[in-house]
Amino acid sequence: MDRTQTFIKDCLFTKCLEDPEKPFNENRFQDTLLLLPTDGGLTSRLQRQQRKSKLNLDNLQKVSQLESADKQLEKRDYQRINKNSKIALREYINNCKKNTKKCLKLAYENKITDKEDLLHYIEEKHPTIYESLPQYVDFVPMYKELWINYIKELLNITKNLKTFNGSLALLKLSMADYNGALLRVTKSKNKTLIGLQGIVIWDSQKFFIMIVKGNIIDEIKCIPKKGTVFQFEIPISDDDDSALRYSILGDRFKYRSVDRAGRKFKSRRCDDMLYYIQN
Amino acid sequence: MLVDLNVPWPQNSYADKVTSQAVNNLIKTLSTLHMLGYTHIAINFTVNHSEKFPNDVKLLNPIDIKRRFGELMDRTGLKLYSRITLIIDDPSKGQSLSKISQAFDIVAALPISEKGLTLSTTNLDIDLLTFQYGSRLPTFLKHKSICSCVNRGVKLEIVYGYALRDVQARRQFVSNVRSVIRSSRSRGIVIGSGAMSPLECRNILGVTSLIKNLGLPSDRCSKAMGDLASLVLLNGRLRNKSHKQTIVTGGGSGDGDDVVNDVQGIDDVQTIKVVKRSMDAEQLGHASKRHKP
């Protein structure tokens, strides 16, 4: 092996190696075989644990019991709190939906057609379901006392509308907060949504989550912003009957209220909004 | 809805005077169009872009639809809109569109030079691109620039009124329309009448048979006078009546309550709509007013 043939040395090695005498770089060889230390199965164990500790509402409470309350308020935990609140909201919505379904089933089985009768019945027989039922009445003050006053203050509405600046109001409305607003779906690609009306309890990026007053039971509905037009009214004064009417084009409104505040909106081609002008 | 986006206004600059005879003639044209089934009509004021515009916003729109045509609208149920067409020759001389577009529902551009064409296909914030079909096009229309313009949301207009006047204009009209259809790959085309007298109005069948001969498929023809033309109206109305297409004044529940159909309800100066309260927190949430198709 040591004796390289002259042809190879002269013709091939000279071409591709710097030193034809030493075809192999000796630094490349090491005396001992190196082995990397292993973690003794730690990663697989961690992965298993992670899968087990996937968050839901039950073990969330355990975690919060373990940790003291003030520790959670620290800033470095912000991300985690944020994550948890998202999960909690999702769980709440799913829970409400599940319970309203159960209630409807109960109403059907017992042939109850009145709202109050049903509520009494559930309160007596199924107190756990009753506790987690969303009640429209609870949310009405959110609209009547909070949101109307907020929006009136924001737009500076007085009885005298002569000095009211419409375009400035539109700009402010595009940045306003709609949690607690009373919205009605007026036009939609999905015809079954038309006519729905409810109070917004959460304004997410792609959905308005509303509580809707029903004949028998109040429901929580997630209404997609895409392909839907929402209408709302701002009463000018309490004793008068007149109001200002505006609509939200859901297709151009797909941002969370936090992101919307400092946003510069842009007009786009509106070929997707043909449903808005067709009856 | 059947839409005609181009009925000329008898004035070619701000200095011209409007005679009552011309307005009467226009009203006759409008009622003829109404007889032929049109529901939405835009009155077109053509003006040179380099001309001096009045400073006052109120003087910017000479058409004054509410005063002159309010009676006609009430009687027939027509919806009238104002449109401005800017003749663009040298882009450096013109002024900004933002102020002009406040006073009109639709803004259109009519380039008569190559520079004007490149400007209006790329930069200008317009709803419509139209040409002088009676004379030669300013330049050979390229598919790339026209289609990028259509993708932006600007529609191309064909004015069939030129085909009904004299032989010379008709010859140019045929070649121009064919070149417009070719360069846009028959996408985003709307058709307007440009009728100066009641005799130049045609109904949808007449227009379709004419334009179909020139190479536009007949389904696109009926779309060009219905859906696409109403999109132009929507685009134009949303510019003034909404904040960047997010929040719009007025609602959309009943018939003719949205921005396009609601011509009379929205206050143009203040851009607000005052209504009687119809929404109450005590109302039932669903199916209170279920839509019946």
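Structure first, text after, so check above.
Report on the accompanying structure. Within each chain, residues carry numbers counting from 1 in the order of the written sequence. For this description, chains carry letters from A and ligands carry numbers from 1, given in the order in which they are written. Residues qualify for local features only when their pLDDT is at least 70, as the model is predicted, and side-chain atom pairs are given and counted only at 80 or more; totals for whole chains, interfaces and linings, by contrast, use all residues. Side-chain calculation: all heavy atoms of the structure are included, whereas hydrogens and water are not.

**Looking at the interface of chain B and chain A**
Contact criterion: two residues are considered in contact whenever any of their non-hydrogen atoms come within 4.5 Å of each other. Listed by partner, the interface residues are 55 residues for chain B and 61 residues for chain A. A quick way to say it: buried area is the sum, across both parts, of accessible area lost when two parts are put together, with a 1.4 Å probe. A buried area of about 5,100 Å², summed over both sides, lies between chain B and chain A, and 55% of it is on carbon and sulfur atoms. When residues of chain B are sorted by the area they lose upon contact with chain A, Ile247, Arg277 and Met279 of chain B head the list and together hold 15% of the total. Throughout this description, the term salt bridge denotes a Lys or Arg side-chain nitrogen within 4 Å of a carboxyl oxygen of Asp or Glu. Put simply, chain B and chain A have zero salt bridges between them. Looking at the side of chain B that touches chain A, the elements with two or more residues in it are α6 (143-151), α10 (227-241), β8 (242-243), β9 (247-249) and β10 (274-276) of chain B. Side-chain classes follow a simple rule in which Ala, Val, Leu, Ile, Met, Phe, Trp, Tyr, Cys and Pro form the nonpolar group, Asp, Glu, Lys and Arg form the charged group, and the remainder, Gly included, forms the polar group. Here the residues of the side of chain B that touches chain A sort into 16 nonpolar, 24 polar and 15 charged. Only runs of H or I of at least four residues qualify as helices and only runs of E of at least two qualify as strands under DSSP, and these elements are numbered from the N terminus.

**Some thoughts on the sheet that holds strand β4 (residues 106-111) of chain B**
All names here are of chain B. Read from one edge of the open sheet, seven strands run β1-β2-β3-β4-β5-β6-β7, paired in parallel fashion. The outermost strands of the open sheet, each flanked by one partner alone, are β1 (3-8) and β7 (189-192). With respect to the sheet, α10 is in contact with β1, β2 (40-48), β3 (79-88), β4, β5 (128-129), β6 (155-159) and β7, its orientation differing from that of β1 by roughly 70°. By the convention used here, strands pair only if DSSP detects at least 2 bridges between them. As a rule, the C-alpha atoms of each element are fitted with a line to give its axis, helices using only the stretch in contact, and angles between N-to-C directions run from 0 to 180 degrees.

**A word on the packing of aromatic side chains**
All names here are of chain A. Only rings of Phe, Tyr and Trp enter the pairing, Trp through its six-membered ring, and a pair is recorded when the two centres are within 6.5 Å. The plane angle decides the type: under 30 degrees is stacked, over 60 is edge-to-face, the rest tilted. According to the stated counting rule, one finds 11 aromatic pairs over all chains in the structure shown. Consider the rings of Tyr178 and Phe253, whose centres lie 5.8 Å apart with planes at 75°: the pair is edge-to-face. In this pair, Tyr178 sits in the loop between α9 (166-175) and β1 (182-188) while Phe253 sits in the loop between β6 (242-249) and α10 (257-260), placing the two residues 75 residues apart along the sequence. Of the residues examined, Tyr178 reaches a relative accessible area of 0% and is grouped as buried. Buried residues are those whose accessible area, probed at 1.4 Å on protein chains only, stays under 20% of the maximum for their type, while exposed residues exceed 50% and partly exposed ones sit between those limits. Residue Phe253 is classed as buried on the basis of its relative accessible area of 0%. An angle of 80° between the planes, with centres 4.9 Å apart, marks the rings of Phe208 and Phe230 as edge-to-face. Within this pair, whereas Phe208 is found in strand β3 (residues 207-212), its partner Phe230 is found in strand β5 (residues 228-235), the two being separated by 22 residues in sequence. The class of Phe208 is buried, set by a relative accessible area of 0%.

**Digging into a positive patch on the surface**
On the surface, Arg182, Arg185, Arg187, Arg220 and Lys223 of chain B cluster together to form a positively charged patch. On the secondary structure map, Arg220 of chain B appears in helix α9 (residues 218-225). A patch consists of residues exposed above 30% relative accessible area that lack any salt bridge, with like charges linked at up to 9 Å and nonpolar side chains (Val, Leu, Ile, Met, Phe, Trp, Tyr) linked at up to 5 Å. Each accessible area is a Shrake-Rupley result for a 1.4 Å probe, and residues are judged covered by the shown protein chains and nothing else. Note that His is not counted, nor are the chain ends; the positive residues are Lys and Arg, and the negative ones are Asp and Glu. Every charge is mapped onto a representative atom, which is NZ of Lys, CZ of Arg, CG of Asp or CD of Glu.

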